[in-house]
Amino acid sequence: MYKIKIKNFNTMKKIILLSAMLFTAAIFVSISATEDIVNNTIPGNEKYVVPENVQAIIDNKCFDCHNTKSKNLKAKMKLKFDKMAHLKTHKLLGKLDNIAETVTEGDMPPKKAIKKYPDLKLTAEEVKTLSDWSNGLISKIAGE
Amino acid sequence: MNKILVALFAAFVIIQFIPANLPVVVKKNKDDLIATANVPADIAQKLKTSCYDCHSNETNYPWYSYVAPVSFLVSRDTREGRRKLNFSIWNNLSKVKKAKYLDNINDEVTEGEMPMEIYTYLHSGSKLSEKDREAIAAWADNYAESLFDD
């Protein structure tokens, strides 16, 4: 009787150890999943990849108007950075090509906004970073 | 009063001599959207009457578009329209560019930004109804999607 109890105790220990290992593994999996979302790569759509330096420009100079909760309806309708990873290929490519064009031609951020908030103006380097990123993604996705 | 009228009339006559440089009209374009892509007839019709005057080489200039100062406006708008999107060169565009233009068509038409108000005011048949807008937007989205395998 006593022996059996000990045996049970050992099994118990093994089960607890195993659960602890599984739990730890699960944490690692969920951490890496969170990191994916931070990088805007949603499982299932790994096409939309945003490096940190690009994300910083978007956050500082584009995101305030171009997001799902924006009060600027026109800006919101045309482009929502928090929705990019969910777009179908043809939409994503269209938006990316528009980003490259509008920043290169100096149409975005709008002149009015820059007048009010001069810091919004993109530097030449930022324009290049954004357009290189857009064009790079386009050729990766479309092979063009 | 008379002097002002005479001065205005003189100014009107003088500006007629300033060339407006209206963009050249080309009616046959081998790379035209409607000529090369499979555009449903009703959509093609709407594009022709509501978009093609500025967004193709097939511009129909009404008589008053030859009279300054209207000619200056028509010249500028047509040039700008063709620069932004020209259906006459459609078949030369890459798939990505097509996807971009179709996405823009979708946005502009849905939002009611295009055709421009001054244009629909002068061309009554060019006004798009809510249904027209939905039809064009749906066509643009389907067409763009068909260009890529998802």
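It should be emphasised that the depicted structure is a prediction, and the values quoted were computed from it without experimental measurement.

1. Quick look at the overall build of chain B
What chain B contains, in helices and strands, is eight helices and zero strands. N-terminal to C-terminal, the α/β element order of chain B is α-α-α-α-α-α-α-α. On the principal axes, the C-alpha backbone points of chain B span a range of 70 × 30 × 20 Å. Looking at chain B residue by residue over its 150 residues, the buried ones come to 28%. Within chain B, residue pairs in contact and separated by at least 24 positions form 80% of the contacts whose partners lie at least 6 positions apart.

2. Some details on the overall build of chain A
Regarding its fold elements, chain A presents six helices and zero strands. Of the regular secondary structure in chain A, the N- to C-terminal order runs α-α-α-α-α-α. Out of the 144 residues belonging to chain A, those deemed buried represent 22%. Long-range pairs, those at least 24 residues apart, make up 53% of the contacts in chain A between residues at least 6 apart in sequence.

3. Let's talk about the nonpolar core
Core analysis: the biggest nonpolar cluster contains 33 residues, and Leu93, Leu96, Val103 and Ile138 of chain A together with Leu102, Ile105 and Ala140 of chain B have the highest contact counts within it. Counting residues per element, the ones that place at least two in this core are helix H4 (89–104) and helix H6 (124–142) of chain A together with helix H6 (95–111) and helix H8 (130–146) of chain B. Counting residues in hydrophobic clusters, the runner-up holds seven residues, among them Leu33, Cys51, Tyr52 and Trp90 of chain B.

4. Overview of the packing of H4 of chain A against H6 of chain B
Where H4 of chain A meets H6 of chain B, the closest approach of the two axes is 8 Å, and the angle between their N-to-C directions is 90°. If you check the angle between H4 of chain A and H6 of chain B, you find them roughly perpendicular. Touching His90, Lys91, Leu93, Gly94, Lys95, Asp97 and Asn98 of chain A of H4 of chain A are Val96, Lys97, Ala99, Lys100, Leu102 and Asp103 of chain B, all from H6 of chain B.

5. Some words on the interface of chain A and chain B
Taken together, the contact pairs 14 residues of chain A with 15 residues of chain B. Sorting the residues of the side of chain A that touches chain B by element identifies helix H3 (73–78), H4 and H6 of chain A as the ones contributing at least two each. A per-class count over the side of chain A that touches chain B returns four nonpolar, four polar and six charged.

6. Notes on the confidence of the model for chain B
Residue and element names in this part refer to chain B. Across chain B, the average pLDDT comes to 93, with 99% of residues at or above 70. At the level of individual helices and strands, chain B shows its lowest average pLDDT in helix H7 (residues 117–122), which scores 92, and its highest in helix H3 (residues 41–50), which scores 96. For this predicted complex, the interface score ipTM comes out at 0.81, alongside a pTM of 0.78.

7. Digging into the environment of Tyr64 of chain B
Along the chain, Tyr64 of chain B turns up in the loop between helix H4 (52–55) and helix H5 (70–84). With 46 residues separating them along the chain, Tyr64 of chain B and Thr110 of chain B place their C-alpha atoms 30 Å apart.

8. Quick notes on H8 of chain B
Residues three or four positions apart in an α-helix share a direction because the helix packs 3.6 residues into each turn. For H8 of chain B, which comprises 17 residues, the first-to-last C-alpha distance of 24 Å matches the rise-based estimate of 24 Å (1.5 Å per residue) to within 8%. Elements in contact with the buried residues of H8 of chain B: H4 of chain A together with H3 and H6 of chain B.

9. Quick notes on the environment of Ser139 of chain A
All names here are of chain A. Counting through the fold element by element, Ser139 comes out in helix H6. Among the residues examined, Ser139 registers 11 C-beta atoms within 10 Å and is labelled exposed. When the C-alpha positions of Ser139 and Leu93 are compared, they lie 9.4 Å apart, and in sequence the two are 46 residues distant.

10. Things to note about unusual backbone geometry
Residues Met108 of chain A and Pro109 of chain A are joined by a peptide bond in cis, for which omega reads -10°. Within the fold, Pro109 of chain A resides in the loop between H4 and helix H5 (111–116). The step from Ala68 of chain B to Pro69 of chain B runs through a cis peptide bond, and the omega angle for that step is 5°. Here Pro69 of chain B is to be found in the loop between H4 and H5.

11. Description of the confidence of the model for chain A
Residue and element names in this part refer to chain A. Residue-level pLDDT values for chain A average 83, and 80% of them are 70 or greater. Mean pLDDT per element in chain A: helix H1 (residues 2–38) is the minimum at 65, and H4 is the maximum at 94. Counting contacts from residues 34–39, a segment whose pLDDT is below 50, to residues more than four positions away or on other chains yields five contacts.

What counts and what doesn't
Residues numbered from 1 in each chain as written. Chains lettered and ligands numbered in written order. Predicted model: local features only at pLDDT ≥ 70, side-chain atom pairs only at ≥ 80, totals over all residues. Helix = DSSP H or I, 4+ residues; strand = E, 2+ residues; numbered from the N terminus. Buried ≥ 20, exposed ≤ 12 C-beta atoms within 10 Å, placed from the backbone. Contact = placed C-beta atoms within 7 Å. Core = buried A, V, L, I, M, F, W, Y, C linked by C-beta atoms within 7 Å. Axes fitted to C-alpha atoms, helices over the stretch in contact; angles between N-to-C directions. Parallel < 35°, antiparallel > 145°, perpendicular 65-115°, else oblique. Nonpolar A, V, L, I, M, F, W, Y, C, P; charged D, E, K, R; others polar. pLDDT = per-residue confidence, 0-100. Expected span 1.5 Å × (residues − 1).

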